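Spelled out from the first residue to the last, the chains are:
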Amino acid sequence: MTAINVSHLSKSFGKVVAVDDLSFEAPAGAVTAFLGPNGAGKTTTLRLLLGLVAQTKGRATIAGVPYRDLDRPILHVGAVLEATAFHPGLTAYAHLEAVRIASGLDRERVGQVLDDVDLGAAGHRRIGGFSLGMRQRLALATALLGRPHTLILDEPANGLDPAGMRWLRGFLRGYALDGNSVLISTHVLAEVEQIVDHVVIISGGRLRWSGPFDGGRALEELYLEVAE
Ligand SMILES: Nc1ncnc2c1ncn2[C@@H]1O[C@H](COP(=O)(O)OP(=O)(O)O)[C@@H](O)[C@H]1O
Ligand SMILES: [Mg+2]
């Protein structure tokens, strides 16, 4: 089964071709690493998948449907893009409760997602006092509220310390083992090598390699061979 399908997708910003006839799939129940150097087009592709920018050409679908056509997308897809902004005066609990109510989700979800990301003890503290790692986990908790089957994370390790990254790897591994799908972009291979099932490598907006990854060879070796 395919969670995410990108087909002949292109996006230009004026003369800059950020994504260029890109096609790949991210399978269900797997962690897919979306790799490429800075400026390769990773963030633009994820924004296209989430309907945040309109494509110039092609199609991107989640569970077979373009994001904008999903019925209650929060129930299907959770996303954490760069630089999530929170109101610093709110507690984590209040932030999540506001999103929960706006989305019509069950009351118990807020406590559950706080526990899922190990923020249970900090739920009633103000976000303004949170470390970057705690904010990242709160962003993840927000993405998990609707029990989505697909998670899309853009460079989630930025700002995480080694312990935070280790925690995130364990979380994502377990999430995929439960049958969900994870698409995670990064330019730091070591962050994802241990948990990856499937790899998509792009450079200059174009696909360089995609396929299952079984750890039979080093991810870095594959990447350096195809990406640059
Ligand atoms: N909103 C935008 N306006 C103009 N150019 C953009 C915009 N967003 C991205 N780009 C350009 O598109 C290319 C791909 O960027 P991006 O998708 O952010 O790459 P990555 O996430 O892989 O680092 C870069 O050349 C970048 O400068
Ligand atoms: Mg990016």
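Residues numbered from 1 in each chain as written. Chains lettered and ligands numbered in written order. Predicted model: local features only at pLDDT ≥ 70, side-chain atom pairs only at ≥ 80, totals over all residues. Heavy atoms only, no water.

**Some remarks on the site of ligand 1**
Close contacts around ligand 1 come from F13, V16, A18, P37, N38, G39, A40, G41, K42, T43 and T44, and that covers them all. In this structure, an oxygen atom belonging to ligand 1 sits 2.7 Å away from a main-chain N or O atom of G39. Separating an oxygen atom of ligand 1 from a backbone N or O atom of A40 is a distance of 3.1 Å. Within the complex, 57% of the 560 Å² of free accessible area of ligand 1 lies under protein. (Near = heavy atom within 4 Å. Polar contact = N/O pair within 3.5 Å; in protein donor to acceptor, adjacent residues only side chain to side chain. Areas by Shrake-Rupley, 256 points an atom, 1.4 Å probe, with all protein chains shown as cover.)

**Quick notes on the sheet that holds strand β9 (residues 206-212)**
Spatial strand order, β5-β6-β7-β3-β8-β9: 6 strands in an open sheet with mixed pairing. Edge positions in the sheet fall to β5 (77-80) and β9, since each of these pairs with one other strand and no more. Taking each pair of neighbouring strands and ignoring which way they run, the sheet shows an average axis angle of 15°. Pairing between strand β8 (residues 198-203) and β9: 6 bridges, direction antiparallel. When the sheet's bridge partners are listed, V200 is paired in β9 with S210. Relative to β5, helix α4 (residues 132-144) is tilted by about 165°, and along the sheet it contacts β5 and β6 (150-154). (Pairing = 2+ DSSP bridges. Helix = DSSP H or I, 4+ residues; strand = E, 2+ residues; numbered from the N terminus. Axes fitted to C-alpha atoms, helices over the stretch in contact; angles between N-to-C directions. Contact = heavy atoms within 4.5 Å.)

**So, the side chain of S181**
When you line up the elements, S181 lands in strand β7 (residues 181-186). A polar contact is formed between the side chain of S181 and the backbone nitrogen of G29, at a distance of 3.2 Å. The residues contacting S181, other than those within four sequence positions of it, are A3, P27, A28, G29, A30, H149, T150, L151 and Y175.

**Considerations on the domain arrangement of the chain**
For interface size, the figure often reported is the accessible area lost on association. With domains assigned, the chain is organised as domain 1 (2-76 + 150-226) and domain 2 (86-147). Averaged C-alpha coordinates put domain 1 and domain 2 at centres separated by 24 Å. In total, about 1,100 Å² of surface goes out of reach between domain 1 and domain 2, with carbon and sulfur atoms giving 66% of it. It is I74, W167 and F171 in domain 1 that bury the most area against domain 2; as a group they hold 45% of the surface buried on that side. Run the count over domain 1 and domain 2 and you get 4 residue pairs in polar contact (both at pLDDT 80 or more). When residues of the side of domain 1 that touches domain 2 are traced back to their parent elements, those giving at least two are β6 and α5 (162-177). (Domains from an automatic or database assignment. Buried area = accessible area lost by both parts, 1.4 Å probe.)

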